[in-house]
Amino acid sequence: MAQRVDYPTLNGVREDGYIPTLNKIFGHLRRTQLGPRDLREWFKDEGLYHKDEFPWLLSLLDIHTEGVAALGPWASAFLDAPDEDTARDLLFRRLVDENTLLVKYVLEALDTEGGGRLHSTSELHRMLTSYIYPGKHLGLVPFNNWIKWIVASGR
């Protein structure tokens with residue numbers, strides 16, 4: 001079972017702008033043929049580049065950089081989504097596939113109808129670093145970034 005623990009952000013973009021920004025990125029990559037250096041420069045020009053997180057971002061977004069930058073199957077499906085709700089569902093599915101345990105434990109903790117309660121981000125992170133959570137350790141910054149992705153997915 002996959003357990004991604006390195007969640008980057010879309011540098012400088014609020015959660016409500018993630019879906020349009022992903023469409024912009026994927027559309028640009030589909031229209032152009034950028035090598036790895038040109039791809040990095042384009043991300044810098046768009047204000048989306050963060051040196052330490054860039055490889056993780058490409059991995060999360062299913063962008064392959066062997067030779068010319070290309071969209072993987074998930075990124076292509078996202079770009080071809082007929083509407084924003086479908087794109088949000090695809091993003092959520094991606095997050096589930098990347099770390100099912102993380103999604104399960106956090107959403108169960110937040111399930112107010114099933115006995116859960118609203119937690120602060122810090123409380124949720126403490127839960128994930130305790131004996132309750134059987135998954136890989138996730139640092140606070142990547143966890144906060146993951147929260148942004150979950151919010152962007154509409155969950």
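Before reading on, note that the structure itself is shown above.
The sections below set out a description of the structure shown in this document. (Residues numbered from 1 in each chain as written. Predicted model: local features only at pLDDT ≥ 70, side-chain atom pairs only at ≥ 80, totals over all residues. Heavy atoms only, no water.)

The next point concerns the packing of helix H7 (residues 121-128) against helix H8 (residues 140-152). Look at H7 against H8: their axes get within 10 Å of each other, and the N-to-C directions meet at 120 degrees. Between H7 and H8, the angle falls in the class oblique. Here H7 and H8 pass one another in a crossing that is right-handed. Here H7 contributes Thr121, Leu124, His125 and Leu128 to the contact with H8, which in turn contributes Leu140, Phe143, Asn144 and Ile147. Looking at the contact of H7 with H8 residue by residue, the classes come out as five nonpolar, three polar and no charged. (Axes fitted to C-alpha atoms, helices over the stretch in contact; angles between N-to-C directions. Helix = DSSP H or I, 4+ residues; strand = E, 2+ residues; numbered from the N terminus. Parallel < 35°, antiparallel > 145°, perpendicular 65-115°, else oblique. Left-handed = near helix turned anticlockwise from the far one by under 90°. Contact = heavy atoms within 4.5 Å. Nonpolar A, V, L, I, M, F, W, Y, C, P; charged D, E, K, R; others polar.)

It is worth spelling out the nonpolar core at this point. Counting 48 residues, the largest nonpolar core has Ile25, Phe26 and Trp149 as its most contacted members. Elements that contribute at least two residues to this core include exactly helix H1 (18-31), helix H2 (36-45), helix H3 (54-60), helix H4 (73-79), helix H5 (84-98), helix H6 (100-110), H7 and H8. Among all residues touching Phe26, those that are not within four sequence positions of it are Leu61, Ile63, Leu71, Trp74, Ala75, Phe78 and Leu79. (Core = buried A, V, L, I, M, F, W, Y, C linked by side-chain atoms within 4.5 Å. Buried < 20%, exposed > 50% of the residue type's maximum accessible area, 1.4 Å probe, protein only.)

The tally for this structure, following the rule as stated, stands at nine aromatic pairs. Here the aromatic rings of Tyr18 and Trp149 are separated by 4.6 Å at their centres, their planes lie at 70 degrees, and the arrangement is edge-to-face. One end of the pair, Tyr18, is in helix H1; the other, Trp149, is in helix H8, with 131 residues separating them in the sequence. Accessibility assignment for this pair places Tyr18 and Trp149 in one class, buried. (Phe/Tyr/Trp six-rings, centres within 6.5 Å; stacked < 30°, edge-to-face > 60°.)

This part is about the environment of Arg31. Assignment of secondary structure puts Arg31 in helix H1. For Arg31, a relative accessible area of 65% translates into the label exposed. C-alpha separation for the pair Arg31 and Leu10, spaced 21 residues apart in sequence, amounts to 21 Å.

Below, the discussion takes up H2. Every buried residue of H2 is listed here: Leu39, Trp42 and Phe43. The buried residues of H2 all sit within an arc of 100 degrees when viewed along its axis, so they share a single face. Those residues of H2 that are exposed and aimed more than 90 degrees away from the buried face are Arg37 and Asp45. Its buried side turned inward, H2 meets H1, H3 and strand E1 (63-64). A positive backbone phi angle near 75 degrees is found at Gly47, which sits one or two residues after H2. (Arc of directions from axis to C-beta.)

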